[in-house]
Amino acid sequence: MDIVVKGRKTEVPERFRKHVAEKLKLEKIQKLDGKVISLDVEVSKEPNPRQADRCDRVEITLRSRGPVIRAEAAASDPYAALDLAAEKLDARLRKQHDKRFSRRGARRISAAEVPDHVPGAATLNGNGLPVQEDETDGVPTKKIGSLEIKGEGPLVVREKTHVAAPMSLDQALYEMELVGHDFYLFVDAETKQPSVVYRRHAYDYGVIHLDPDRMVAEAQPHAAGGTLGG
């Protein structure tokens, strides 16, 4: 596999091409992802003199049998931009590698993490004894397959809260491809709306923005949720 270096509306000197090959070591990349198909580096230049400190942009695109991984950065010269983009690529490759590694069960987990990783595993109390169902929170629970139902419902599978920095639609698509999911929830940096990008048929994408209905919220202050139309 070779590294393809190309310029967008700019010439790429041979010296820079050699520097790319030295900076992006294929042996190291293939150790983190042994299914790499191609590695492209695109260099572009911003003609606006007001953006002199970010005039050179480098975008690295790594395609493999898994999700596409992209990393880009801008700086005052292409060499500095390449260094920044290479650091981002390395971090994302390691994240993807660690994710695959943990899925194979190679990482040891603590006793406290066992219930999160093994469906149906017993929860232990402070004395190391199994916690009975009625000891958890006073509400009896039962298992249906890998799902846990408390009392008569409602059914709660799992709940997570993440801290999310606003991002652009393009960045959300990159992150979705990186984690390998069919959807990605994010806060739109332009509109500040909760949004989700998702994979559609025929390899294209869709996006849904959530805009609260103020009239409904005022009429039903205790109502929660809504219906999304697509």
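In this text, all values refer to a predicted model and were calculated from it rather than measured experimentally. Here the residue index of a chain counts from 1 through its sequence in written order. At least 70 in pLDDT is required for a residue's local features to be given in this predicted model, at least 80 for side-chain atom pairs to be given and counted, and no such filter applies to totals for whole chains, interfaces and linings, which use all residues. Hydrogen atoms and water are omitted, and side-chain values are computed over all heavy atoms in the structure.

## Points about the sheet that holds strand β1 (residues 3-8)
- The criterion for strand pairing is that DSSP finds at least two bridges linking the strands in question. Helix and strand assignments follow DSSP, with helices taken as H or I runs no shorter than four residues and strands as E runs no shorter than two, numbered in order from the N terminus. Spatially, β1-β2-β3-β4 is the arrangement adopted by the four strands of the open sheet, whose pairing is mixed. Among the strands making up the open sheet, the edge pair consists of β1 and β4 (69-75). Taken over all neighbouring pairs, the strand axes of this sheet differ in orientation by 15 degrees on average, direction set aside.
- With six bridges connecting them, β1 and strand β2 (residues 36-45) associate as parallel partners. Each bridged residue has a counterpart across the sheet, and for Ile 3 the counterpart in β2 is Leu 39.
- The contact rule is simple, with two residues in contact once any of their heavy atoms fall within 4.5 Å. Orientation is described by lines fitted to C-alpha atoms, with helices fitted over the stretch in contact, and by angles between N-to-C directions that extend from 0 to 180 degrees. This element, helix α1 (residues 14-23), spans β1, β2 and β3 (56-64) of the sheet and lies at about 140 degrees to β1.

## What to know about the pattern of salt bridges
- A carboxyl oxygen of Asp or Glu within 4 Å of a side-chain nitrogen of Lys or Arg is what we treat as a salt bridge. Using the criterion set out here, one finds 10 salt bridges in the structure.
- Taking the shortest distance from any N to any O, the salt bridge between Glu 72 and Arg 57 comes out at 3.0 Å. With Glu 72 in strand β4 and Arg 57 in strand β3, the pair connects residues that are 15 residues apart, well separated along the chain.
- Exposed residues in this analysis have more than 50% of their type's maximum accessible area, buried residues have under 20%, and partly exposed residues fall in between, with area computed by a 1.4 Å probe over protein chains only. Among the residues examined, Glu 72 registers a relative accessible area of 23% and is labelled partly exposed.
- Of the residues examined, Arg 57 reaches a relative accessible area of 28% and is grouped as partly exposed.

## Remarks on the sheet that holds strand β8 (residues 194-199)
- Spatial strand order, β7-β8-β9: three strands in an open sheet with antiparallel pairing. Bordering the open sheet on either side are β7 (183-187) and β9 (205-209), each of which pairs with just one other strand. Sheet twist, expressed as the average angle between the axes of neighbouring strands with direction ignored, equals 20 degrees.
- Direction of pairing for β7 relative to β8: antiparallel, over a ladder of five bridges. Bridging from a neighbouring strand, Tyr 184 pairs with Val 197 of β8.

## Quick word on the confidence of the model for the protein chain
- The pLDDT value tells you how sure the predictor is about a given residue, anywhere from 0 up to 100. This prediction gives the protein chain a mean pLDDT of 75; 65% of its residues lie at or above 70.
- Contacts from residues 223-230, a stretch scored under 50 in pLDDT, to residues over four places away or in other chains number two contacts.

## Re the side chain of Arg 92
- Along the chain, Arg 92 turns up in helix α3 (residues 78-103).
- Not counting residues within four places of it along the chain, the set of residues in contact with Arg 92 comprises Ile 69, Arg 70, Ala 71, Gln 171, Glu 175 and Leu 178.

## So, the packing of aromatic side chains
- Stacked, tilted and edge-to-face are the three classes assigned to paired rings of Phe, Tyr and Trp, where Trp is represented by its six-membered ring and a pair needs centres within 6.5 Å; plane angles under 30 degrees give stacked, over 60 edge-to-face, the rest tilted. Per the counting criterion, the structure on display carries one aromatic pair.
- The interplanar angle of 75 degrees and the centroid separation of 5.2 Å between the aromatic rings of Phe 16 and Tyr 79 together place this pair among those described as edge-to-face. One end of the pair, Phe 16, is in helix α1; the other, Tyr 79, is in helix α3, and 63 residues separate them in sequence.
- For Tyr 79, a relative accessible area of 24% translates into the label partly exposed.

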